[in-house]
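Remarks on the overall topology
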Amino acid sequence: MFTGIVTDIGTVTTVESPGETRVVVSTAYDTATVDLGASIACSGVCLTVVDKGPNWFAVDVSGETISRTATDQWTQGRKFNLERAMKLGDELGGHIVTGHVDGLGTVVAVTEDGGSHRVTIRAGADIAPFIAPKGSVTVDGVSLTVNTVRDVDGEVEFGLNIIPHTWAVTTLGTIHVEQSVNIEIDVLARYLQRMEHYRASAR
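This report concerns the structure included in the present document. (Residues numbered from 1 in each chain as written. Predicted model: local features only at pLDDT ≥ 70, side-chain atom pairs only at ≥ 80, totals over all residues. Heavy atoms only, no water.)

As for the side chain of Asp186
Which entries qualify depends on this criterion: In this description a helix means any DSSP run of H or I spanning at least four residues, a strand means any run of E spanning at least two, and both kinds are numbered starting from the N terminus. The rule is simple: take the accessible area with a 1.4 Å probe, protein chains only, and divide by the maximum for that residue type; under 20% is buried, over 50% is exposed, in between is partly exposed. In this analysis, two residues are considered to be in contact whenever any of their non-hydrogen atoms come within 4.5 Å of each other.
Within the secondary structure, Asp186 is located in the loop between β12 (180-185) and α3 (187-201). Overall, the relative accessible area of 18% leaves Asp186 in the buried class. In this view, Asp186 contacts His95 and Ser136; residues no more than four positions away in its chain are not counted.

Section: unusual backbone geometry
Positive phi outside glycine occurs at Ser43, with the angle close to 50 degrees. If you trace the backbone, Ser43 turns up in the loop between β3 (39-42) and β4 (45-53). Positioned with a positive phi, Lys134 is a non-glycine residue whose angle comes to about 70 degrees. Summarising the element assignment, Lys134 is placed in the loop between β8 (116-123) and β9 (136-139).

Comments concerning the nonpolar core
In plain terms, the rule: To form a nonpolar core, buried Ala, Val, Leu, Ile, Met, Phe, Trp, Tyr and Cys residues must be joined to one another through side-chain atoms within 4.5 Å.
If you look at the biggest cluster of nonpolar residues, it comprises 24 residues, and the most contacted ones within it are Ile121, Val137, Val139, Leu144, Phe158, Leu160 and Ile183. Among the elements of the structure, β8, β9, β10 (142-152), β11 (155-162) and β12 are those that each provide at least two residues to this core. Those residues within four positions of Leu144 in sequence are excluded, and the remaining contacts are Gly135, Ser136, Val137, Val139, Leu160, Ile162 and Leu172. Within the second largest apolar cluster, 16 residues are counted, among which are Ile40, Val45, Trp74 and Leu82.

A look at the sheet that holds strand β1 (residues 8-16)
The following threshold applies: Here the rule is simple: two strands pair whenever DSSP picks up at least two bridges between them. For helices, the fitted line uses only the C-alpha atoms of the stretch in contact; every axis is such a line through C-alpha atoms, and the angle between N-to-C directions lies from 0 to 180 degrees.
Here six strands make up a closed barrel; going around it, the order is β1-β2-β5-β4-β3-β6 and the pairing antiparallel. Within this sheet the neighbouring strands show an average axis-to-axis angle of 45 degrees, counted without direction. Alignment of strand β2 (residues 21-26) against strand β5 (residues 56-61), held across six bridges, turns out to be antiparallel. Paired with Thr21 across the two strands is Val61, which belongs to β5.

As structure tokens, this is what we get:
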């Protein structure tokens with residue numbers, strides 16, 4: 001379980017394919033405090049630490065995960081938003097995030113607005129029902145509040161306001177038009193959909 005509050009930006013240093021794809025990530029984390037088997041969210045994807053050394057850790061990424069996550073994410077030099085799993089008693093500064101990508105979005109606009117940046121993302125019909133103004137969404141592992149929502153041809157375009165701090169300490173500071181991003185919907189929205197589905201089927 002995560003909060004969507006990024007605590008480091010890591011860099012992919014090595015990508016190997018001995019079977020599953022093994023990705024080595026450099027980090028400022030004190031990896032002596034990271035256990036093998038621990039979970040780390042890498043730009044919104046919950047992965048298990050399978051090896052580590054001073055200021056680096058390795059994860060194995062399945063073909064299924066690669067097929068469902070942002071284009072070119074698993075490449076050398078790629079920057080990751082990193083977050084270690086929550087501990088009991090930690091402050092929940094963002095919202096409840098599972099590290100499971102629900103779908104992909106494409107950045108359609110990035111504009112500066114008084115020091116902040118407004119970012120518009122377009123996502124498919126599978127994501128559209130779960131995006132609401134003032135609701136929560138996770139983009140590349142960052143907990144954000146949705147500002148605007150517009151339905152377009154069965155898809156959805158939603159607007160985000162990225163404050164200067166978030167712009168500076170996450171990879172959102174380098175986001176660009178046509179970039180593919182990982183989206184995780186609010187976990188509460190998942191349960192609401194299930195409740196509505198069950199209620200409809202019981203009629």
